[in-house]
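# Inside the fold
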Amino acid sequence: MRKRTLFRLAAGTATIGAATLGYASLVERNMFTVRRYDVPVLPADAEPLRVLHLSDLHMMPNQARKQRWVASLAALDPDLVVVTGDNMAHPDAVPGVLRALQPLLDYPGAFVFGSNDYTGPVLKNPFTYFLPDREYTEGVELPYEELRQVFTGAGWADLNNARTMLKAGGRQLDLVGVDDPHIDRDDYPSVAGAVSSSADLSIALTHSPEPRVLDQMAADGFGLLLAGHTHGGQVCVPGFGALVTNCGLPRSMARGLHRWPGSDSWLHVSAGLGTHPTAPIRFACPPEASILTLIPR
């Protein structure tokens, strides 16, 4: 009797595990979702401004469903499009990224790159994400300069360790960004400085939301900080949240809108639209794009 009970428990556990894995790999990772947030960063009586925040597409050439869904976001008619990196997951991904983003290139935009814009993914043990000092392993080089030319050719601002003023929605925006801190390509001191007094709004971009970078951006007065990288945890536990963020950010801030501690700045972390191709699963954390409606304080 005891053996039969143990066998049934083992069989039941295996069935639940297989069903969960099937759901995470076949269903939820394709449940593309639009998140909506109101962010109080504008002066009193200012008209709202809509920012479409995209991140972590991790595009493969054959991901037609994802490409069509992202392209459909142009119907949201944003005032500004912001992309915070990790667009590619394959050396032949640029045409797929272009198919996804082509309708959005007609809007004012800005971007920074992530590590997986420079080099492709490699097979790894997923449990190494729990190691704070794990060594970063590079894969094959990706055509990031080709992607950069696509974005800048459309008039989007390249904010990889750069700063610019940009007009969107009838407003003057002070924009700053860094190259990916996850692989130590960031150089915020080269672009640091107080927000321009002539700006109606200020936004700062980084792929990986490392606190050491976010602290500097907030100290300079940037009202909205945008990042990706975390995938929202990618695999979450209902009622508990993300297990890991793969950066210095607390688990409680792995996705969504948060007030950055010790400042007047708001941080939005996108859970992203893709997955590492060697771990194509999501659980309790569907892929997302975000519409941030900026409103008066």
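Residues numbered from 1 in each chain as written. Predicted model: local features only at pLDDT ≥ 70, side-chain atom pairs only at ≥ 80, totals over all residues. Heavy atoms only, no water.

### What about the nonpolar core?
One finds Leu52, Leu54, Val70, Leu73, Val81, Leu104 and Phe151 to be the most contacted residues of the largest nonpolar core, which totals 31 residues. At the level of secondary structure, the elements contributing two or more residues to this core comprise strand 2 (49-54), helix 2 (64-72), strand 3 (80-83), helix 3 (94-101), helix 5 (144-153) and strand 14 (288-296). Counting residues per element, this core draws most heavily on helix 3, which supplies four residues. The residues touching leucine 73, leaving out its near neighbours within four places in the chain, are Val34, Leu52, Leu54, Pro78, Leu104 and Ala289. Judged by nonpolar contacts, the second largest core, of 23 residues, contains Val112, Leu173, Leu224 and Leu226. (Core = buried A, V, L, I, M, F, W, Y, C linked by side-chain atoms within 4.5 Å. Buried < 20%, exposed > 50% of the residue type's maximum accessible area, 1.4 Å probe, protein only. Helix = DSSP H or I, 4+ residues; strand = E, 2+ residues; numbered from the N terminus. Contact = heavy atoms within 4.5 Å.)

### Re helix 5
Buried within helix 5 we find Leu147, Arg148 and Phe151. Each buried residue of helix 5 lies within a common arc of 105 degrees when the element is viewed along its axis, so the set occupies one face. What points out from helix 5, more than 90 degrees from its buried face, is the exposed set Gln149 and Gly153. Buried residues along helix 5 sit against helix 3, strand 4 (109-111), helix 4 (115-118) and strand 5 (157-158). Positive phi appears at glycine 155, one or two residues downstream of helix 5, with a value of about 95 degrees. (Arc of directions from axis to C-beta.)

### Notes on the pattern of salt bridges
Applying the stated criterion across every chain yields a total of eight salt bridges. The partner of aspartate 264 in a salt bridge is arginine 259, and the shortest N-O contact between them spans 3.7 Å. Each of Glu145, Arg148 and Asp158 takes part in one network of salt bridges that share partners. (Salt bridge = Lys/Arg side-chain N within 4 Å of Asp/Glu carboxyl O.)

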